[in-house]
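Read off the chains here:
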Amino acid sequence: MKLYGSLTSPYVRKARVLIREKNLACEFVVADAWAADSPIPALNPLGKVPVLVLDNGKTLFDSPVIVEYLDSLKTPPLLATSGETRWQMLCWTALADGVLDAVVTRFLESRRPAEQQSADNIRRQEAKVARSLDYTERHLSDGAWLMSGHFTLADLAIAVALEYTDFRYPHDWHPRHPRLATWLAEISKRPSLAETRPPGMEKK
Ligand SMILES: N[C@@H](CCC(=O)N[C@@H](CS)C(=O)NCC(=O)O)C(=O)O
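Every chain is numbered on its own, with residues counted from 1 as its sequence reads. Given that the model is predicted, a residue must reach a pLDDT of at least 70 before its local features are reported, and side-chain atom pairs must reach 80 or more before they are shown or counted; all residues, however, enter totals for whole chains, interfaces and linings. As a rule here, side-chain values cover all heavy atoms of the structure and leave hydrogens and water aside.

Engineer: So what's going on with the pairing of strand β2 (residues 27–30)? Residues and values would help.
Structural biologist: Strand pairing is assigned whenever DSSP identifies at least 2 bridges connecting the two strands. The numbering of helices and of strands both runs from the N terminus, where a helix is a DSSP run of H or I of at least 4 residues and a strand a run of E of at least 2. Summarising the sheet, strand β1 (residues 2–5) and β2 pair through 4 bridges and their orientation is parallel. Paired with leucine 3 across the strands is phenylalanine 28, a residue of β2. Every crossover in which the path from the first strand over the helix to the second runs clockwise, viewed with the strands pointing away from the viewer, is termed right-handed. Read from β1 through helix α1 (residues 10–22) to β2, the crossover connection turns out right-handed.

Encoded structure:
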């Protein structure tokens, strides 16, 4: 099994964290989706990473599918398999992916030539992030984990999304969301997160 992706992509990182958490055998192939000679469009028509190439040659994309597939390979599951807990957990992962989409969109917009940038689009993406941070702070439980009393896919996805926010959209959310900031500082110590942190994202 081979996971194709870049070191900086947070979508790829979700899969890498899960592989490390579950100690799965999977080769990581560094590939840049944007490069002219990228292998990615031949593997995923959307031209995006991550892509998972299975031992039978079949490919899986995009990250929610890959993460759920990888999780299914070894028990115990990080994603609840049924019931109300599963839907709540999937909602957390959807929120995390939405934050990633907003931070990526904002980042790409801010890198366009100044005269082509849309301040309105940047504001819109920032508002999505702000509401998601508020929501997460409000819904945090008192324990170490978002759900189920142990580390789950919800924790993994939200931690990756928050670290990526700090990487590409650093701003003053920590003092305004003290419980969430404390939660992130603690969970960020996990080896799976520490070992998949891309260059430039190191914790101070
Ligand atoms: N919804 C996709 C998003 C993946 C994504 O946008 N990956 C970026 C890297 S961070 C990419 O490959 N972009 C290349 C492009 O959009 O052409 C997923 O969850 O896998």
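Engineer: I'd love a proper account of the nonpolar core, names of residues and values included.
Structural biologist: Soluble, globular proteins show a tendency: their nonpolar side chains are buried together. Nonpolar core, defined: a set of buried Ala, Val, Leu, Ile, Met, Phe, Trp, Tyr and Cys residues in which side-chain atoms within 4.5 Å join the residues together. Three exposure classes are used, based on accessible area relative to the maximum for each residue type with a 1.4 Å probe and protein chains only: buried under 20%, partly exposed in between, and exposed over 50%. Within the largest apolar cluster, 59 residues are counted, with the highest numbers of intra-cluster contacts made by Leu52, Leu70 and Trp183. Here this core gathers at least three residues from each of two domains, domain 1 (2–72) and domain 2 (83–190). In what follows, residue pairs with any heavy atoms lying within 4.5 Å of each other are defined as contacts. Every residue in contact with leucine 70, bar those within four places of it in the chain, is listed here: Met1, Ala15, Leu18, Ile19, Lys22, Leu24 and Leu52. Note that domain bounds follow an automatic or database assignment of domains.

Engineer: Which residues make up the domain arrangement of the chain, and what are the values?
Structural biologist: For the chain, the domain assignment lists domain 1 (2–72) and domain 2 (83–190). The centre of domain 1, based on its C-alpha atoms, is set 21 Å off from the matching centre of domain 2. Domain 1 puts 11 residues into the contact, and the matching count from domain 2 is 14 residues. Where domain 1 abuts domain 2, roughly 1200 Å² becomes buried across the two surfaces, and 64% of that area is made up of carbon and sulfur atoms. The rule for a salt bridge is simple: a side-chain nitrogen of Lys or Arg has to be within 4 Å of a carboxyl oxygen of Asp or Glu. The interface formed by domain 1 and domain 2 holds 4 salt bridges in total. Linking aspartate 97 and lysine 14 is a salt bridge whose minimum nitrogen-to-oxygen distance equals 2.6 Å. Any pair of N or O atoms that falls within 3.5 Å is considered a polar contact. Within protein, one atom must be able to donate a hydrogen and the other to accept it, and sequence-neighbouring residues count only if both atoms are side-chain atoms. Put simply, domain 1 and domain 2 have 5 residue pairs in polar contact (both at pLDDT 80 or more) between them. At the level of elements, α1 and α3 (63–72) are the ones that each hand at least two residues to the side of domain 1 that touches domain 2. No other element matches the 7 residues that α1 contributes to the side of domain 1 that touches domain 2. Its residues assigned to classes, the side of domain 1 that touches domain 2 comprises 6 nonpolar, 1 polar and 4 charged. Defined in terms of a 1.4 Å probe, buried area is the accessible area two parts forfeit on being brought together, summed over both. Any residue that is not Ala, Val, Leu, Ile, Met, Phe, Trp, Tyr, Cys, Pro, Asp, Glu, Lys or Arg is counted as polar, Gly included; the first ten are nonpolar and the last four charged.

Engineer: I'd like a description of the sheet that holds strand β3 (residues 51–53), backed by residues and values.
Structural biologist: With mixed pairing, 4 strands are arranged side by side in an open sheet as β2-β1-β3-β4. The sheet terminates laterally at β2 and β4 (59–60), the two strands that pair on one side only. Two elements, β3 and β4, share 2 bridges in a ladder whose sense is antiparallel. Pairing of valine 53 across the sheet is with threonine 59, part of β4. The axes are straight lines fitted to the C-alpha atoms, using for helices just the contacting stretch, and the angles between their N-to-C directions are given from 0 to 180°. Along the sheet face, α1 touches β1 and β2 and points at about 150° away from the line of β1. Across the face of the sheet, α3 comes into contact with β1, β3 and β4 while running at roughly 40° to β3.

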